[in-house]
Amino acid sequence: MEQCVWRRHVSDQLKQRDRVQRQAFEELIHQYTRLLEKSDLQAVLSERYQADKYELQRGHEGGSDGSLQQEVSLMRIRHQEELTELHKKRGELAQNVIELNNQIQQKDKLIQSNEAKMLQYQQQISGLEGDCRDLRGLLQDLERANQTLKDEYDALQITFCALEEKLRKTSEDNQELVCRWMAEKSQEANKLNAENEKDTRRRQAKLQKELADAAKEPLPIDPDDDIEVLAEEAGKGGGETSPSRALSRTPSKKTSQPPPGGLLDSISSIFGRRAHPYSSSPEGSEAPSGVCAEVRVPTTAIHVFDAHDGEVNAVSFSPGSRLLATGGMDRKVKLWEVVSGRCEPKGSLTGSNAGITSIEFDSAGSFLLAASNDFASRLWTVEDSRLRHTLTGHSGKVLSARFLLDNTRIVSGSYDRTLKLWDLRSKVCMKTVFAGSSCNDIVCTEQCVMSGHFDKKVRFWDIRAESMVQELQLQGRVTSLDLNHDRTELLSCSRDDLLNIIDLRTVSVRHTLSAQGFKCGADWTRVTFSPDGCYVAGGSADGALYIWNVLTGKVERTLDRSHSSAINSVSWSPSGAYVVSVEKSSKAILWSDM
């Protein structure tokens, strides 16, 4: 292969030298040839002129020498002119030769530069050919991998079809079993109702018999009791009495004997004993504290701690203010117990496959709901930290999930621009509503769901009609929503660095809160009302915590120099004693006025 290369190189060099040298002298040789031809022509003409001269001399020997000399002079002049013309042409040809030599030199330089470029281009072509070979090899590898994946996909598709068919058959069998079970339950209920009817009729007959026996028995009268017998105004005899006479008994000094137990039991069995109402919460739940007696505006960071390995997105107090939950990008929800102004670790809730975006306790503090970036919402029991439900169905990040007031349904809002209503008893999605824009936060009342969106709107949805009833346009992308304690005012935070207090009775902005230096740091920045609704707490992008007075609309207090990055979320304890803020780094801070 190397011999072929150098041989081809030598041949190319010889051809190039032949081409350059031949082109350089070809024109010169051509001009020189023309010059020789003209010289030969001149010699021929000279010979002819000499012959003519000789003939003229012979033909005119007897003529006058003057005319002959004159003709010779004319011929000499003419020949001299032709010779002059030939010399002139020779000079021009010499000048042309010089110019052609200069052009040849320029062409040589151009050829050399072109040869250098050609060599460079050949090197580039060689490199590109190598790259092309590598790419062909990579393409073949990718084609083989693609074929393998295609085969695996076909196998998985066949498996999926088989499993789907099995699921369909299982569902049919399950439906049949449920129908049979319902039929058996109905039969058992009918039998039980028939037995209850028989038992009720027996008790009624027994009661009637006991009442008849009791009516026949004489009523014992204690002589020590004060009894006043009122005589009838119209009677047959003064000393006679009848069962229709009214008797009035005054309180006795002695305790009368209670009626027979069997009689009371029979009466109770007909009319039923009314049990005293009671409430019992699940094991591990904490009783809600209700509206706090006094809200204390925080002044000091009493505990600074690392809550997660990475960014902390969400924080929430339990209804009794005893527990604190935080959610972060490390895919965990951590529980903290607030003891003597410190947050002590209590447990960790796992199961999420991506970062946590929002968290909320139910009204009893028994369950915790969290939304995450893996398109799902999850429900844990607080007492044993067990994952109970995973609600999947969104096609984008779930940015907020909230309990409805009955704690049996959940509303979730997602980046996929939909809201979903879930039933915890059946664990299915009851309704999906297309909102038209990414939903960043949700709050709920008895019959209404309010959602804040990326398109700068707050939307109001009727749960019963499952439709939007109204929307309110704000000036920035909505990042957070919160309700005051009596659910008459809605707090919103938006990316235009403004907090709006919305009157839910008129669905209009009543107050706008702002502060010098306050800046909303993210699309999921959360702000909160105080438990009594008199204050608002929000974190800024520079790490400062701002407290506004709702009545005056002015900043009540600014707490800074504790956070090192933007504050993502703030939560005020229902007792009013603590405020917790979390930031984009791993830090969380417990604030109070102590």
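Our subject is the structure listed above.
Since the model is a prediction, treat every value here as computed from it, not as a measurement.

K.L.:
Got a minute to help me understand the side chain of Ser-321 in this structure?
P.N.:
By the secondary structure assignment, Ser-321 is in the loop between strand S4 (312–317) and strand S5 (323–328). For Ser-321, a relative accessible area of 8% gives the class buried. Engagement of the side chain of Ser-321 in a polar contact is seen with the backbone nitrogen of Ser-575, the distance being 2.9 Å.

K.L.:
Is there a simple way to think about the sheet that holds strand S17 (residues 448–453) in this case?
P.N.:
Two orientations exist for strands paired in a sheet by backbone hydrogen bonds: parallel and antiparallel. Sheet architecture is open: four strands sit in the order S16-S17-S18-S19, paired in antiparallel fashion. Every other strand in the sheet has two partners, leaving strand S16 (439–444) and strand S19 (467–473) as the edge strands with one partner each. Along the sheet, successive strands turn relative to each other by an average axial angle of 20 degrees, direction set aside.

K.L.:
Got a minute to help me understand the environment of Leu-368 in this structure?
P.N.:
Note on placement: Leu-368 falls in strand S9 (residues 367–372). Residue Leu-368 is classed as buried on the basis of its relative accessible area of 0%. Sequence separation between Leu-368 and Arg-388 is 20 residues, and the spatial gap between their C-alpha atoms is 10.0 Å. Once you skip the residues sitting within four places of it in the chain, Leu-368 turns out to touch Ala-325, Val-333, Leu-335, Leu-349, Ile-359, Glu-360, Phe-361, Arg-378, Leu-379, Trp-380 and Val-382.

K.L.:
Help me out: how do you make sense of the packing of aromatic side chains in this one?
P.N.:
The geometry of an aromatic ring pair is captured by two quantities: the separation of the ring centres and the angle between the planes. Taken as a whole, this structure holds five aromatic pairs when the rule is applied. The interplanar angle of 20 degrees and the centroid separation of 5.8 Å between the aromatic rings of Tyr-546 and Trp-548 together place this pair among those described as stacked. Relative accessible area serves as the criterion here: at 6%, Tyr-546 is assigned to the buried category. An aromatic cluster is present here, built from Phe-518, Tyr-546 and Trp-548 joined pairwise through their rings.

About the cut-offs
- Residues numbered from 1 in each chain as written.
- Predicted model: local features only at pLDDT ≥ 70, side-chain atom pairs only at ≥ 80, totals over all residues.
- Heavy atoms only, no water.
- Helix = DSSP H or I, 4+ residues; strand = E, 2+ residues; numbered from the N terminus.
- Buried < 20%, exposed > 50% of the residue type's maximum accessible area, 1.4 Å probe, protein only.
- Polar contact = N/O pair within 3.5 Å; in protein donor to acceptor, adjacent residues only side chain to side chain.
- Pairing = 2+ DSSP bridges.
- Axes fitted to C-alpha atoms, helices over the stretch in contact; angles between N-to-C directions.
- Contact = heavy atoms within 4.5 Å.
- Phe/Tyr/Trp six-rings, centres within 6.5 Å; stacked < 30°, edge-to-face > 60°.

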